[in-house]
Every structure is written in structure tokens, then in C-alpha cells.
Amino acid sequence: MLNAAEICDRHRTAVAAGFLALGLGFTTGALGHLIEGSQVLQWLERGLAGLAVLLIVGAMVWKSVKSVGRGASYIGGTGFVGEAVTKAHVASWASTFILISVFKVFVADRADLPHEFYFDVILAVMLLVHGFVFFTLTRSVQTEQDDHA
Amino acid sequence: MREVQLENRIRVYRAERRWSQAELARRIGVSRKTISTIEVGRFVPSTIIALLIAREFETSVEQVFSIADPSEHSLNPR
């Protein structure tokens, strides 16, 4: 039976996976601006967006259902996965800031690509960096076995 | 500049009580992954978690956690 902290960790992992799917969706959206008329990219973008919604909303619902009637205490975001989320947020913010700064300096005056392209790229980088950092930090923990002392 | 390494005896205390990582996690309200990563030194616990672990083992925080080779991390080098 999962304790409250395990439920929260799994919820965070599912949300991070949803962010990653959303980031891939924005990536395909950005590619769609470069390769116009691609039906594959359009369907891929919609599919990834749908997957992201499923993961994020599904995680929220699952957490709410699992949390009903539980009286056990839970120590906020001070665990390993909580710290991984924080580090992912920091990396995501930093990369987004750098990218926006680069766009502002080098592409602000360009008119060959629509504004939506740059928004897609920024959102894609923000979410992909978040997902990459989070799953890199937590990936190697998956295979550790509990020793029943 | 060297990173301070935190050592712990959580596995020893768990073994004395025949507790699994999951059991200890359940007792103090964290996930098993948190306990696992603390034990192998991948994660530095918060003060609250450290105090709760020590309380469960009925000992002090200093008995459970220690800084590796304290002389290397003195604020006043000799």
C-alpha cells in the first residue's frame, strides 16, 4: 500500500512526463512552421498534446482518489523527488531565460518566421529541459532494490 | 573547493530493527526513494527528515549522520 509521500512522488513523476510530452508537442509545432503543410506533424502535435493532458489531469485525479480518507502525514516537498522537481524548475527557468535573451538580441527584427514559431520553441525548450533534468536525476533510482532487513 | 560528504548509519539502525527502507519511509512520512537515496549519499535530507529518522531510531541526529573526515572541512584551516 502506498504511503502519502509515494503517492505524491508518483504524481510528480506523471506530471513531469506530461510536461515532457507537451514539450515534444511544442517541438513538432515549431517544426510545423518550418515544414509547412505536414499532416504528420499536425497529428503528432495533437497526439502529444492529448497525451500531456491525459498524464497531467490523470495524475491529478489519481492523486485525489488515492488521497481520500488518508490520515497519514506527509512532509511537503522535502524528499528526493521533490528536490529533483526543484532542480528541474531551475534548469528550465535558466534555459528559457537564456533562449529568450538570445531571441531578443538576434532575431527580434526578423520577419521570415511567424511569432508562433518562437513561442513554440521557447515553450518546447522550457518543458524539454524540465523533463530531461527531472528524469535524468531520478532515472538511476528506479532500479534500486529495497533490502528487507 | 571540496563538496562536504554526509555519511549515515541508517542501514545499520534499520538492520537492528529489521526494518526495510519502505518501513522506515512509512514511519516518517517520506517515500522509499528518499530513504534509498539518503542511504547511498545521493540526497542530503532536510533537517526535519533527519530529525524524524533519528527519532524513529530513538537516538540523536549526530549518531545517525556525520560529516566525512571533519578535519578537511574546518572553517579555520590550520
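Only a predicted model underlies this, so the values are computations on that prediction, with no experimental measurement involved.

In terms of helices and strands, chain A carries four helices and zero strands. Going from the N terminus to the C terminus, chain A shows its helices and strands as α-α-α-α. Of all 149 residues assigned to chain A, the portion counted as buried reaches 34%. A fraction of 83% describes how many contacts in chain A between residues 6 or more apart in sequence connect residues 24 or more apart. Carbon and sulfur atoms provide 70% of the accessible area of chain A, an area that totals close to 8900 Å².

Let us now look at unusual backbone geometry. All names here are of chain B. The phi dihedral of Arg-18 is positive, around 60°, even though this residue is not glycine. Residue position: Arg-18 is located in the loop between helix 1 (10-17) and helix 2 (21-28). Residue Arg-18 is classed as exposed on the basis of its relative accessible area, which comes to 67%. In the Ramachandran plot, Glu-58 falls in the positive-phi region, its phi being about 55° despite a non-glycine side chain. Looking at the secondary structure, you find Glu-58 in the loop between helix 4 (47-56) and helix 5 (61-64).

Let's shift gears to the environment of Ile10(B). Residues and elements named next belong to chain B. By the element assignment, Ile-10 lies in helix 1. For the pair Ile-10 and Gln-63, spaced 53 residues apart in the sequence, the C-alpha separation amounts to 9.6 Å. Setting aside residues up to four positions removed in sequence, Ile-10 forms contacts with Leu-24, Ile-38, Glu-39, Ile-53, Phe-57, Val-64 and Phe-65.

Our next topic: the packing of aromatic side chains. Pairs of aromatic rings are described using the distance from one ring centre to the other and the angle between the two planes. Scanning all chains against the criterion turns up seven aromatic pairs over all chains. Ring geometry for Phe80(A) versus Phe43(B): centroids 6.0 Å apart, planes at 80°, classification edge-to-face. One end of the pair, Phe80(A), is in helix 3 (residues 80-106); the other, Phe43(B), is in the loop between helix 3 (32-39) and helix 4, on a second chain. By relative accessible area, which is 5% here, Phe80(A) ends up buried. Relative to Tyr118(A), the ring of Phe103(A) lies with its centre 5.1 Å away and its plane at 80°, an arrangement referred to as edge-to-face. One end of the pair, Phe103(A), is in helix 3; the other, Tyr118(A), is in helix 4 (residues 115-139), with 15 residues separating them in the sequence. For the pair Phe103(A) and Tyr118(A), one class covers both residues: buried. Every member of this aromatic cluster is reached through a ring pair, and the members are Phe103(A), Phe117(A) and Tyr118(A).

Turning to the packing of helix 1 (residues 4-34) of chain A against helix 4 of chain A, a few remarks are in order. Residues and elements named next belong to chain A. Two numbers describe how helix 1 lies on helix 4: the axes approach to 7 Å, and their chain directions differ by 150°. The way helix 1 lies across helix 4 gives a crossing that is left-handed. Across the contact of helix 1 with helix 4, the residue classes tally to 18 nonpolar, seven polar and three charged.

What follows deals with the packing of helix 3 of chain A against helix 4 of chain A. All names here are of chain A. Here helix 3 crosses helix 4 at 150°, and the two axes come no closer than 8 Å. If you check the angle between helix 3 and helix 4, you find them roughly antiparallel. Of the two elements, helix 3 crosses helix 4, and the hand of that crossing is right-handed. Residue composition of the contact of helix 3 with helix 4, by class: 18 nonpolar, six polar and one charged.

Per-residue pLDDT for chain B has a mean of 88; in total, 86% of the residues score no lower than 70. ipTM for the predicted complex: 0.79, alongside a pTM of 0.84.

Attention now goes to helix 3 of chain B. Residue and element names in this part refer to chain B. With eight of its eight residues buried, helix 3 lies for the most part within the structure. Turning to helix 3, its buried residues are Arg-32, Lys-33, Thr-34, Ile-35, Ser-36, Thr-37, Ile-38 and Glu-39. Looking one or two places after helix 3, you find Gly-41, whose phi comes out positive at around 85°.

Cut-offs applied
- Residues numbered from 1 in each chain as written.
- Chains lettered and ligands numbered in written order.
- Predicted model: local features only at pLDDT ≥ 70, side-chain atom pairs only at ≥ 80, totals over all residues.
- Heavy atoms only, no water.
- Helix = DSSP H or I, 4+ residues; strand = E, 2+ residues; numbered from the N terminus.
- Buried < 20%, exposed > 50% of the residue type's maximum accessible area, 1.4 Å probe, protein only.
- Contact = heavy atoms within 4.5 Å.
- Areas by Shrake-Rupley, 256 points an atom, 1.4 Å probe, with all protein chains shown as cover.
- Phe/Tyr/Trp six-rings, centres within 6.5 Å; stacked < 30°, edge-to-face > 60°.
- Axes fitted to C-alpha atoms, helices over the stretch in contact; angles between N-to-C directions.
- Left-handed = near helix turned anticlockwise from the far one by under 90°.
- Nonpolar A, V, L, I, M, F, W, Y, C, P; charged D, E, K, R; others polar.
- Parallel < 35°, antiparallel > 145°, perpendicular 65-115°, else oblique.
- pLDDT = per-residue confidence, 0-100.

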